[in-house]
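Chain residues, written in single-letter form:
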Amino acid sequence: MTLPDNWNELTSEARLEFRLDAWQNAPIEFASPQVAQAYRDRVQLYRDVIALKKPATVPIAPWIGLLPFRYYGHTAKQAYYDYEILKDDWYRFHEETMPDGIGLTLGIVPGKLFEILDYHLYDWPGHGTPDDTSYQYNEKEWMKADEYTALIQDPGSYWQRTYLPRVFGALEPFAQLSPWTDLVEIPFTAPFFAGFAAPPVKEMLKKLAEAGDAAMEWLQASMAADGRIMATLGIPQTAGGSSKAPYDILGDTMRGTRGLMLDKFRQPDNVKTAMERLVPLAVDWAVRSNNVTGNPIVFIPIHKGADGFMSDADFRELYWPTFKAVLLGLIEQGLVPWVFVEGSYNERLEVIADEEIPAGRMVWMFDATDMERAKAIVGSRQCIGGNVPAALFAMGTPEEMDAYVKDLLGKTAKNGGFILSSGIVLDEADPTVYRAFIDAGRRYGAEI
């Protein structure tokens, strides 16, 4: 997507309208005028609910992971390694169920790439976990407690020369190289590049080239799957980019849960300064990807701020200020944060209904939160969604699903500003119950 020349002069509202228009009028070669209209109508549903207006019908946008492959008798390992299966099952699932948004395609990760890079941060099917399970994070302190200063001073150098060599076996030689900021004048150029003559570095560069090919193979398959769904079914991608809360960047895959909880007491100033340093990086991460896709929705999964992970006081002091800064930064760029609230946020609703965040500019998708309270407290300012439980999808009956969706929409969707979705990313569901979810959403969502 090409931004207009006067982009820096536009208000955030004008930037949002530009991005929404670009999404709704994407240059897709649709199979027919009817499909093109269906696509535009679905994007309009999102535009309406984000703006807290009543849509033509409640949009149905479940987040799905391995569900399509299990639907058709394939394993997680096949989905992660066989891209023909990825493309075929992904398309068939959307064709048969017809939601209003494409599921989380990025969640179907490339096993080949991880093998090439010797990825330590996760296990995945056939590489540490059984063939029909999802990937699994390996919790440990990948960033050490005494490395905050290095991270704060130069995040890029820290990632390249310290963090990445730990989490990717193939990238260990990065630790031997000087930071790129050494390249400032001609006398220092040759000494910098001499490091690339080392055999381990040369081998790493070969691995990087192989990784690039593997990543492109996966990306082309994923884009082909989503492209076909958009062009022939008129279903838009639900998100065009992603980001994270600064506290979660530190706590999820760097310091780990235990490490960051200890740091909160032992070095609180470093934790706060590091999170502040990560704010512009989190904003830029999303802006770059969303500018490429032309879709203004930013998918943000949040973890460590849930009820039970920290006190309300710590949430207000530690988690929320930098996360709010990220949200405001994205909104300023005309983007729409779509916050995937994993776990319960019943104790956080008053905080996240922050009046400093412009109304009608983002989406809160809840998991195990009281939706009636969420609607009353947060839904008066921002679009909300969720929260159909994974257990109901997997172990409920069609009748129970129908009743749940009817009750949920009655509590949350009467005045607009609501998206019907699963509480978590779905890897498992009874096919008949999943269809009952779609059918109930169509029936009751049109009646609201």
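Keep in mind it's a predicted model, so treat the numbers as computed, not measured. (Residues numbered from 1 in each chain as written. Predicted model: local features only at pLDDT ≥ 70, side-chain atom pairs only at ≥ 80, totals over all residues. Heavy atoms only, no water.)

Draft legend 1. Highlighting the nonpolar core. Counting residues in hydrophobic clusters, the biggest one holds 143 residues, and the most contacted among them are Trp364, Phe366 and Tyr434. Tallying contributions element by element places helix H10 (residues 199-233) first for this core, with 10 residues. What tyrosine 434 contacts, discounting residues up to four positions off in sequence, is Pro62, Ile64, Leu67, Tyr71, Phe93, Thr97, Phe393, Leu426 and Ala429. (Core = buried A, V, L, I, M, F, W, Y, C linked by side-chain atoms within 4.5 Å. Buried < 20%, exposed > 50% of the residue type's maximum accessible area, 1.4 Å probe, protein only. Helix = DSSP H or I, 4+ residues; strand = E, 2+ residues; numbered from the N terminus. Contact = heavy atoms within 4.5 Å.)

Draft legend 2. Representation of the pattern of salt bridges in the model. Evaluated as defined, the whole model comprises 30 salt bridges. Taking the shortest distance from any N to any O, the salt bridge between arginine 435 and glutamate 96 comes out at 2.8 Å. Separated by 339 residues along the polypeptide, arginine 435 in helix H19 (residues 431-447) and glutamate 96 in helix H5 (residues 83-97) bring together distant segments of the chain. Classification of arginine 435 by relative accessible area gives partly exposed; the value is 33%. (Salt bridge = Lys/Arg side-chain N within 4 Å of Asp/Glu carboxyl O.)

Draft legend 3. Representation of unusual backbone geometry. Cis geometry is adopted by the peptide bond preceding asparagine 387, which originates at glycine 386 and carries an omega value of -25°. Relative to the helices and strands, asparagine 387 is located in strand S8 (residues 383-388). Unusually for a residue other than glycine, aspartate 118 sits at a positive phi of about 55°. Overall, aspartate 118 belongs to the partly exposed group, its relative accessible area being 35%.

Draft legend 4. A look at the pairing of strand S7 (residues 363-366). Side chains of S7 alternate between two faces, with Val363 and Met365 and Trp364 and Phe366 buried alike. Pairing of strand S6 (residues 336-341) with S7, which is carried by four bridges, proceeds in the parallel orientation. Pairing of tryptophan 338 across the sheet is with valine 363, part of S7. Taken together, the four bridges between S7 and S8 define a ladder with parallel strand orientation. Bridged to methionine 365 within S8 is glycine 385. In this view, the connection linking S7 to its parallel neighbour S8 by way of helix H16 (residues 371-377) has right-handed handedness. (Pairing = 2+ DSSP bridges. Right-handed = clockwise from strand over helix to strand, strands pointing away.)

Draft legend 5. Spatial organisation of a nonpolar patch on the surface. There is a patch of nonpolar side chains on the surface, built from Trp180, Leu183 and Phe193 and spanning about 300 Å² of accessible area. Relative to the helices and strands, phenylalanine 193 resides in helix H9 (residues 189-194). (Patch = residues over 30% accessible without salt bridge, like charges linked within 9 Å, V, L, I, M, F, W, Y side chains within 5 Å. Areas by Shrake-Rupley, 256 points an atom, 1.4 Å probe, with all protein chains shown as cover.)

Draft legend 6. Quick peek at the sheet that holds strand S4 (residues 241-242). Ordered in space as S4-S5-S6-S7-S8-S9, the six strands form an open sheet in which the pairing is parallel. The outermost strands of the open sheet, each flanked by one partner alone, are S4 and strand S9 (418-422). Across six bridges, strand S5 (residues 297-302) lies against S6 in parallel orientation. The residue bridging isoleucine 302 from the neighbouring strand is valine 341, located in S6. Contacts between helix H2 (residues 33-50) and the sheet are confined to S5, S6, S7, S8 and S9, with S9 contributing the most and set at about 115° to the helix. (Axes fitted to C-alpha atoms, helices over the stretch in contact; angles between N-to-C directions.)

Draft legend 7. Inspection of the environment of proline 301 at higher detail. Counting through the fold element by element, proline 301 comes out in strand S5. Given the relative accessible area of 14%, proline 301 is considered buried. In this structure the C-alpha to C-alpha distance between proline 301 and phenylalanine 192, which are 109 residues apart in sequence, comes to 39 Å. With residues near it in sequence (within four places) discarded, proline 301 still touches Ser243, Lys244, Asp248, Phe340 and Glu342.

Draft legend 8. Local environment of the packing of H2 against H10. Between H2 and H10, the least distance of the axes is 7 Å, while the angle of their chain directions is 110°. Considered as vectors, H2 and H10 are oriented roughly perpendicular to each other. Each of Val35, Tyr39 and Arg42 in H2 lies in contact with H10, whose residues at this interface are Met230, Ala231, Thr232 and Leu233. Of the residues in the contact of H2 with H10, the class split is five nonpolar, one polar and one charged. (Parallel < 35°, antiparallel > 145°, perpendicular 65-115°, else oblique. Nonpolar A, V, L, I, M, F, W, Y, C, P; charged D, E, K, R; others polar.)

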